[in-house]
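Chain residues, written in single-letter form:
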Amino acid sequence: MRFSSSRNIYIRRALTVLLVFLTALFQHSGFIPELFGAPAMLLVPLTVCIAMFERSIPGMCFGVLAGALWDFALSGGDGFFSVMLTAVGFASGALVTFIFRNNIRAALLLSFGALSFCNAAHWLMFIVRKGYEGGFDLLFSRYIPSVFYSLVFVFVYYYIVSALQRMCSDAE
């Protein structure tokens with residue numbers, strides 16, 4: 001199915017925004033279960049995959065949207081995930097533009113780095129800095145397993161975003 005070439009970019013980005021909203025809904029509604037106490041951080045691999053196809057500035061904008069939806073869903077939303085996913089979107093898009101090829105291995109590597117970065121920053125800022133007891137237990141029982149559980153969804157999102165890109169590519 002191909003759309004007319006003058007509307008392709010608008011349709012592709014509208015469908016991508018819809019995908020971000022649906023993913024945020026799945027992440028926060030409990031539709032995707034926790035695995036042994038580790039939540040799936042669906043919006044991180046989605047932001048990476050979108051940025052890989054859209055490049056740095058649009059990837060950054062989709063990161064802002066995904067992070068804002070994540071922060072709105074939290075009771076004490078302080079903007080942490082907006083900042084993190086903005087940086088992830090920009091960095092992923094820039095790295096694919098200048099260093100990496102756009103393939104599933106790069107998506108896995110970038111998502112692993114982004115998930116590790118977000119989880120480590122969250123753990124340091126909200127657990128270690130506040131001096132909670134059992135911080136290392138929490139790191140090994142919740143944060144690290146969350147990274148590996150979330151990596152499973154890279155395959156799903158990479159191929160969905162790739163299909164959107166192909167479907168809405170300019171017909172020449």
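See above for the structure.
Before going into details, it helps to say that this report is about the structure given with it.

Each value, and the rule that gives it
- Residues numbered from 1 in each chain as written.
- Predicted model: local features only at pLDDT ≥ 70, side-chain atom pairs only at ≥ 80, totals over all residues.
- Heavy atoms only, no water.
- Helix = DSSP H or I, 4+ residues; strand = E, 2+ residues; numbered from the N terminus.
- Rg over C-alpha atoms; globule rule 2.2 N^0.38 Å.
- Buried < 20%, exposed > 50% of the residue type's maximum accessible area, 1.4 Å probe, protein only.
- Contact = heavy atoms within 4.5 Å.
- Areas by Shrake-Rupley, 256 points an atom, 1.4 Å probe, with all protein chains shown as cover.
- Lys, Arg positive; Asp, Glu negative; His and termini not counted.
- Charge placed at Lys NZ, Arg CZ, Asp CG, Glu CD.
- Salt bridge = Lys/Arg side-chain N within 4 Å of Asp/Glu carboxyl O.

**Here we look at the overall build of the protein**
Line of reasoning, step 1. The number of helices and strands found in the protein is six helices and zero strands.
Line of reasoning, step 2. What you see in the protein, going N to C, is helices and strands ordered as α-α-α-α-α-α.
Line of reasoning, step 3. Taking 2.2 N^0.38 as the reference for a compact globule, 172 residues should give roughly 16 Å; the C-alpha atoms of the protein span a radius of gyration of 16 Å, in line with that estimate.
Line of reasoning, step 4. Seen through its C-alpha atoms, the protein measures out along the principal axes to roughly 60 × 30 × 25 Å.
Line of reasoning, step 5. Within the protein, the fraction of its 172 residues that count as buried is 45%.
Line of reasoning, step 6. For the protein, restricting intrachain contacts to residue pairs at least 6 apart in sequence, the fraction spanning at least 24 positions comes to 75%.
Line of reasoning, step 7. Element-wise, carbon and sulfur atoms account for 68% of the exposed surface of the protein, whose accessible area totals about 9,200 Å².
Line of reasoning, step 8. Within the protein, the 8 negative side-chain charges are centred at a point lying 11 Å from the centre of the 11 positive side-chain charges.

**Here's the deal with the pattern of salt bridges**
Opposite charge on two side chains lets them pair, provided their charged atoms get close.
Line of reasoning, step 1. Considering all chains together, one arrives at three salt bridges under this definition.
Line of reasoning, step 2. Notably, a salt bridge pairs Arg-12 with Glu-54, separated by 2.9 Å at the nearest N-O pair. Highlighted residues: Arg-12 in helix H1 (residues 8-29) and Glu-54 in helix H2 (residues 43-54), separated in sequence by 42 residues. As far as the burial class goes, Arg-12 and Glu-54 line up, both buried.
Line of reasoning, step 3. Note that Glu-54 and Arg-13 form a salt bridge whose closest N and O atoms lie 3.0 Å from each other. One end of the pair, Glu-54, is in helix H2; the other, Arg-13, is in helix H1, with 41 residues separating them in the sequence.
Line of reasoning, step 4. We classify Arg-13 as partly exposed; its relative accessible area is 29%.
Line of reasoning, step 5. A single salt-bridge network, built from bridges that share partners, covers Arg-12, Arg-13 and Glu-54.

Shape descriptors only; they carry no functional weight alone.
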